[in-house]
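In case you want the letters, here they are:
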Amino acid sequence: MNLQQQRPVDASAVDEIARALAVHSIFARFEPQALRTIAARCSFAAFPAGERIMHQGEHGGFALVILEGEVDVYVEIPAGLIHMATLGPDRIVGELGSVSDAPRTATVVARSAVTALRVDRDDLMSLAAEFPSIGIEIISELGQRLHSTNQSLAYLTYAANALARDEYDSAMLVELTNQSGALASFARAFADMAAEIRAKQSRREEMQAAAAIQQSILPGPLSSNDGTSRIDLHADMRPAREIGGDFFDYFLIDEHRLAFTVADVSGKGIPAALFMAVSRTVMRNTGAADMAARMADANRLLSAENAACMFVTLFHGVLELTTGRLRYCNAGHNPPYLLRAGGARETLKATGIPFGIDPDRPYGIAETLLAAGDSLFLFSDGITEATSPTDEIFGEARLEKVLDNARGHRAAELVAEVIAATAEFAAGAEQSDDITCLALVYRGTE
């Protein structure tokens, strides 16, 4: 603070200043003569907006009684300045500096132009020697403040421990947050933080419940009977978040035909999960006998009133278990791999665009024949688009290498080896998309 910003108190203003000091707890119980003596030794100080009036850590030698304007009080931590309070007229800052040589515990910045009374420690201490009651009152006031601080910290500690035990109740801090002062401001900030933590806990619990529901609608292992003994099938889904937009499904249409689907809904999170559930229901319940008609009906239903403009890529196949004849529709999905027992590798290309875009779009149906020992591998793009820590993608070439090395393995082993390869490639990098795989090994007639 520049010396030019200070000026002595006019003798005619001593009574007025004494009355101003008397409203502060640290001066309120001083004898009238002592207050007048202090007032006579005060000086006026002025600070422009934005000036640092006091610096945390410096040794203070004075206190300020704010007459006009406002100041912001900050505590500095390694993360930066933390705002603790805004103080205006008739408030006092730096009171510890007026009675001790302890370092400042906070930084004070003029929020607006400030006019204040400056009380120097040396003057106050010499007055305490002259008027012992001043020293007694100062010690008493600081003792009361310490008691109040300990009470407030006790409340906050209790609330923090309760939050850790998931037993927090906002009523714990009502008394403290209704007070004024820096600790009350901190208590309000703590209460807001605690409310947000509890809200996030609640949302996390809801998402965990949603994830459990989503997993529950995925099919379990096929039961052993004469039909399914001709195939070995296994699928797995690993959402990037708690819930995802990928899904797989399989079920027996009758004892001779197996339907299976792998799909990927656009987007992530709750919207994708909801559209995923709708898509699965639609695919299970379209009733037309002709496969092309069923696909057109499913697309029409998913396109209707699709205000969110979502879409779903999917591969849907129907396998005749006795003959190995596979009829399929690939609606813009990653082409599955058909691994021939003799060593060849084929892909089942798209036969149409994703569902949910054009309600009137017809869908082509393709056909192939599986021989004993052939394997199908269906997947979502969370596999090929898995990213390494250096932002390299897993890609189709790496997937094909894994599949070639796993040729002849059981369905569960095939799925596990692909997922393990992508996890090793990602090396801990965050999963950016849902991962879904389905492997089907056709055993033929036995």
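In what follows, the structure referred to is the one given above.
Residues numbered from 1 in each chain as written. Predicted model: local features only at pLDDT ≥ 70, side-chain atom pairs only at ≥ 80, totals over all residues. Heavy atoms only, no water.

## Re the pattern of salt bridges
Tallied over the entire structure, the rule returns 20 salt bridges. Notably, a salt bridge pairs Glu320 with Arg325, separated by 3.0 Å at the nearest N-O pair. For Glu320, a relative accessible area of 23% gives the class partly exposed. Arg340 is the salt-bridge partner of Glu346, the closest N and O atoms lying 3.0 Å from each other. Assessed through its relative accessible area of 31%, Glu346 is described here as partly exposed. Taking relative accessible area as the criterion, Arg340 reaches 16% and is therefore assigned buried. A single network of salt bridges, built from pairs that share partners, joins Glu320, Arg325, Arg327 and Glu367. (Salt bridge = Lys/Arg side-chain N within 4 Å of Asp/Glu carboxyl O. Buried < 20%, exposed > 50% of the residue type's maximum accessible area, 1.4 Å probe, protein only.)

## So, helix H7 (residues 269–285)
For H7, which comprises 17 residues, the first-to-last C-alpha distance of 25 Å matches the rise-based estimate of 24 Å (1.5 Å per residue) to within 8%. Every buried residue of H7 is accounted for by Gly269, Ala272, Ala273, Phe275, Met276, Ser279, Arg280, Val282 and Met283. (Helix = DSSP H or I, 4+ residues; strand = E, 2+ residues; numbered from the N terminus. Expected span 1.5 Å × (residues − 1).)

## Re the sheet that holds strand E13 (residues 312–320)
Strand pairs in the sheet, formed through backbone hydrogen bonds, run parallel or antiparallel to each other. In space, the five strands of this open sheet follow the order E11-E12-E13-E14-E17, with antiparallel pairing throughout. If you trace the sheet from one side to the other, it starts and ends with strand E11 (246–254) and strand E17 (366–369), each paired once. When strand polarity is set aside, the average angle formed by the axes of neighbouring strands in this sheet is 20 degrees. Judged from the eight bridges that link them, E11 and strand E12 (residues 257–265) form a sheet pairing that is antiparallel. Counterpart to Tyr250 in the pairing with E12 is Phe260. Most of the contacts of H7 go to E11, to which it runs at about 15 degrees, and overall it touches E11, E12 and E13. Packing of helix H8 (residues 291–303) onto the sheet brings it into contact with E13 and strand E14 (325–331), and relative to E13 it is tilted by some 155 degrees. (Pairing = 2+ DSSP bridges. Axes fitted to C-alpha atoms, helices over the stretch in contact; angles between N-to-C directions. Contact = heavy atoms within 4.5 Å.)

## Looking at the packing of aromatic side chains
Tallying each qualifying case throughout the model produces seven aromatic pairs. Ring centres of Phe355 and Tyr363 lie 4.8 Å apart, and the angle between their planes is 80 degrees; this geometry places the pair in the edge-to-face category. Residue classification places Tyr363 among the buried residues on the basis of a relative accessible area of 5%. Between Phe377 and Phe379, the aromatic rings sit 6.0 Å apart at their centres with planes inclined by 20 degrees, giving stacked as the arrangement. For the pair Phe377 and Phe379, one class covers both residues: buried. One cation-aromatic arrangement involves Arg104 over Phe62; the distance from NZ or CZ to the ring centre is 4.9 Å. If you follow Arg118 out to its NZ or CZ, it ends over the ring of Phe62, 3.9 Å from the centre. (Phe/Tyr/Trp six-rings, centres within 6.5 Å; stacked < 30°, edge-to-face > 60°. Lys NZ or Arg CZ within 6 Å of the ring centre and 35° of its normal.)

## A word on unusual backbone geometry
Located in the positive-phi region is Asp391, a residue other than glycine, with phi close to 70 degrees. When you line up the elements, Asp391 lands in the loop between helix H9 (381–384) and helix H10 (395–405). For Asp391, a relative accessible area of 65% puts it in the exposed group.

## Describing the side chain of Asn299
With respect to the secondary-structure elements, Asn299 resides in helix H8. Looking at Asn299, its side chain comes within polar contact range of the main-chain nitrogen of Gly356, at 2.9 Å. Ignoring any residue separated from it by four or fewer positions in sequence, one finds Asn299 in contact with Pro354, Phe355, Gly356, Ile357, Asp358, Pro359, Asp360, Arg361 and Tyr363. (Polar contact = N/O pair within 3.5 Å; in protein donor to acceptor, adjacent residues only side chain to side chain.)

## Quick notes on the sheet that holds strand E19 (residues 435–442)
Read across the sheet, five strands follow the order E10-E19-E18-E15-E16 without closing on themselves; strand pairing throughout is antiparallel. For this open sheet the edge positions go to strand E10 (231–238) and strand E16 (345–347), each flanked by a neighbour on one side alone. On average, each strand axis in the sheet is tilted by 15 degrees relative to the strand beside it, whichever way the strands run. In the packing of H10 onto the sheet, contacts are made with strand E15 (337–339), E16 and strand E18 (375–379), and the angle to E15 comes to roughly 25 degrees.

## Points about helix H11 (residues 411–426)
In this model H11 runs 23 Å from its N-terminal to its C-terminal C-alpha over 16 residues, within 8% of the 22 Å that 1.5 Å per residue would give. Taken as a whole, H11 has its buried residues at Ala411, Leu414, Val415, Val418, Ile419, Ala421, Thr422, Phe425 and Ala426. Along the long axis of H11, the arc covered by the buried residues comes to 155 degrees, so they all point the same way. Two residues or fewer past H11, Ala427 is found with a positive phi of approximately 50 degrees. (Arc of directions from axis to C-beta.)

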